[in-house]
Amino acid sequence: MHYIFWRTREYQLLLLVILINLIAGCNDDNTSQRPLTIAQYDTADLNFTSDKSYSALTPWFNPFTQVNIQLVLTSPSGRKLTVPGFFDGDGKGGPHGRNFKVRVSPDETGLWNWQLHSNLVELNNIQGEFNVTGSLQGTFSRGPISVSDKNSKRFAYADQTPIFLLGKFLDKDQPLFLRFSHTLFSENWTNRQKNQLIKHQLSLGINKINIYIANKGDYKSIATTPWLGTASYNLKSRFDLQRWHEYENWISRLRDEGIVAHLWLFADDSKFGNLTDAERELLVRYSMARLSGYVNTVFTLALEWQESFSEKEMRATGILAQNNNPWDRLISVHGIPVTANIAESSTFFNEDWLDFIEIQTGFIDHYGINNLGLLYGNQQDKPVILEEFSFGYNNDEERIKTWAALLTSPGGIGTGSGLNAITQFLKTVDITKYQPVTNLINTNNAYTASSHDGHAIVYIYRNGPVLFNKSSDDNYKGQWFDPRNGDYTGLPFIIDTDKPLTTPTKEDWVLVLKP
């Protein structure tokens, strides 16, 4: 494959362009960097220029692997960070040039000092500073998504504002280009289709979008190829810089919309287990260097990791990702469907590099989804995302599955049905304050959760009277919420816990209880 690529006529013509660029190169003075002023949590690039040009295309030198560049930062509070840099061609998506970048997303206001280290003499031991003042505008002025300091099973922004992560990466009722959010970066789609995909996702009220960095075989082979070449023929030691610039533009767009870009490095069904250690590690390093500098990023290393990687390989990948994660973006990994045997399914749950847990229940009934959600949520001290339990069809069965997942009170859900209604519900009920309970009612037709301040949620999935637990001395006011249209129905009413309660219709309903 490599032999054919290097011998093509197109490649030989590109070499001529590269040589002209090498001759035309001029020496920029990296020691005279202009002082930068950056908003807290914003993204900024420190740009450095080498004495000569390099190229993503030349076979005799690989700037992605043979040039090392990293920045040692000292924050205003004295904290030290090592931030990896990356080769960026001409800085605009072109494959050859003298541009090397270090991307920063400072989380403290004040004066930051830095020193650059590189195996290129002209880029080594350069020093500088930048000032951080004000804050990024919009949702992420609160900072990146983190694990809550108040409750290790919940997510929060850096300022500790709680957040429940809500996504829909499967939407099987839609046309192909809207069906799978993971394909947003795919070279198969036009920019118009990608804009439509984002617009559709936003219309659902979600706050996170799952996106592949590398995919060959998943989702009907709608490929995302970060490397130089096509999905079928590419060089995994070199990157297509134009595509990476496009990835960054979409991530910035999502940030401005207040959406988490949940980036999945390796897809399943793509034979990425055939990668060498060096190829796998290079994609991890390059992805973290380029993309972790965006405040709205969260990372999942692989989808169904067992299909492609050994436990040893995945552990090494997780440790490598965290070692190249100066801005502390959240990292996890997704596995094959879990079972009721936690020991069998929880290989990495307690490891330091894994910040949150992603659960695939498989496409089972709502009872199984709720049971597995409760099982894993109760026994883990990290946030759990029920990532994959529904194809996303907009029907009664899928809606019931989604509420069954929601009422396990995880850190988030990754797909489902009826999300517009759930979005409206979450505007009135802070689900992050609720925990599942089993002692509120005596009938087997509902899922329930309650908060410490006496509020409760009863999702009645099957028609029939609801009988409250006689041992409860609580007095409630209740109001019906329609999970189909997202509206409250009627006025609040006093609950008589001594009498059976009947739903407004024979469909599923949500009863919101207040003390």
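Structure's up top.
Residues numbered from 1 in each chain as written. Predicted model: local features only at pLDDT ≥ 70, side-chain atom pairs only at ≥ 80, totals over all residues. Heavy atoms only, no water.

> Explain the overall build of the chain to me, and be specific about the residues and the numbers.
When you go through the chain residue by residue, the secondary structure sums to 13 helices and 26 strands. Expected size for 515 residues packed as a compact globule is a radius of gyration near 24 Å; at 25 Å, the chain falls within 12% of this value. Every one of the 515 residues in the chain was classed for burial, and the buried ones make up 57%. Once local pairs closer than 6 in sequence are excluded, the contacts in the chain between residues at least 24 apart make up 70%. With an accessible surface of roughly 21500 Å², the chain has 48% of that area assigned to carbon and sulfur atoms. Both charge centroids of the chain, one from 47 positive and one from 55 negative side chains, sit 4 Å from each other. (Helix = DSSP H or I, 4+ residues; strand = E, 2+ residues; numbered from the N terminus. Rg over C-alpha atoms; globule rule 2.2 N^0.38 Å. Buried < 20%, exposed > 50% of the residue type's maximum accessible area, 1.4 Å probe, protein only. Contact = heavy atoms within 4.5 Å. Areas by Shrake-Rupley, 256 points an atom, 1.4 Å probe, with all protein chains shown as cover. Lys, Arg positive; Asp, Glu negative; His and termini not counted. Charge placed at Lys NZ, Arg CZ, Asp CG, Glu CD.)

> Tell me about the pairing of strand 6 (residues 110-118), and please be specific about residues and values.
In the sheet, strand 3 (residues 69-74) pairs with strand 6 via six bridges, with the strands oriented antiparallel. Note that in strand 6 the partner of Gln-70 across the bridge is His-117. Examined bridge by bridge, strand 6 and strand 7 (residues 126-135) share seven bridges and lie antiparallel to one another. Bridge assignment links Leu-111 to a residue of strand 7, and that residue is Asn-131. (Pairing = 2+ DSSP bridges.)

> Just give me the short version of the sheet that holds strand 5 (residues 96-104), but keep the residues and values in it.
Sheet architecture is open: seven strands sit in the order 1-7-6-3-4-5-2, paired in mixed fashion. The open sheet is flanked by strand 1 (36-40) and strand 2 (44-55), the only strands paired with a single partner. Averaged over all pairs of adjacent strands, the angle between their axes in this sheet comes to 30 degrees, without regard to strand direction. Note that strand 1 and strand 7 share four bridges and pair parallel. Within strand 7, the position partnered with Thr-37 by the bridge is Asn-131. Packing against the sheet, helix 8 (residues 277-291) makes contact with strand 4 (80-87) and strand 5, and its axis sits at approximately 110 degrees to strand 4. (Axes fitted to C-alpha atoms, helices over the stretch in contact; angles between N-to-C directions.)

> Can you explain the packing of helix 12 (residues 396-406) against helix 13 (residues 419-428)? Please cite residues and give values.
In contact at an axis separation of 11 Å, helix 12 and helix 13 are set at 30 degrees when each is read in the N-to-C sense. Between helix 12 and helix 13, the interaxial angle falls into the category roughly parallel. Crossing angle aside, the handedness with which helix 12 passes helix 13 is right-handed. From helix 12, Thr-402, Trp-403 and Leu-406 reach across to helix 13, where they touch Leu-419, Ile-422 and Phe-425. Of the residues assigned to the contact of helix 12 with helix 13, the class counts are five nonpolar, one polar and no charged. (Parallel < 35°, antiparallel > 145°, perpendicular 65-115°, else oblique. Left-handed = near helix turned anticlockwise from the far one by under 90°. Nonpolar A, V, L, I, M, F, W, Y, C, P; charged D, E, K, R; others polar.)

> Explain the side chain of Ser-345 residue by residue, including any values.
Inspection of the secondary structure puts Ser-345 in helix 10 (residues 342-345). At 3.2 Å, the side chain of Ser-345 forms a polar contact with the backbone nitrogen of Thr-339. Among the polar contacts listed, one links the side chain of Ser-345 to the side chain of Tyr-376, at a separation of 3.2 Å. When residues no more than four places from it in sequence are discounted, the contact partners of Ser-345 are Val-338, Thr-339 and Tyr-376. (Polar contact = N/O pair within 3.5 Å; in protein donor to acceptor, adjacent residues only side chain to side chain.)

> Can you lay out the pattern of salt bridges for me, pointing to particular residues and giving the numbers?
Tallied over the full model, the rule gives 24 salt bridges. Salt-bridge contacts for Glu-507 lead to Arg-484; the nearest nitrogen and oxygen are separated by 3.6 Å. Placement of the pair is Glu-507 in the loop between strand 25 (487-494) and strand 26 (509-514) and Arg-484 in the loop between strand 24 (477-482) and strand 25, with a sequence separation of 23 residues. On the accessibility criterion, Glu-507 (40% relative accessible area) is partly exposed. In this structure, a network of salt bridges that share partners links the residues Asp-45, Asp-88, Lys-101, Arg-103, Glu-248 and Arg-290. (Salt bridge = Lys/Arg side-chain N within 4 Å of Asp/Glu carboxyl O.)

> So what's going on with the sheet that holds strand 10 (residues 162-163)? Residues and values would help.
Pairing in this open sheet of three strands is antiparallel, and the strands run 8-9-10 from one edge to the other. Each end of this open sheet is capped by a strand with a single partner; those strands are strand 8 (145-147) and strand 10. Of the strand pairs in this sheet, strand 8 and strand 9 (residues 155-157) are connected by three bridges, and their pairing is antiparallel. Each residue of the ladder has a partner; that of Ile-145, found in strand 9, is Tyr-157.

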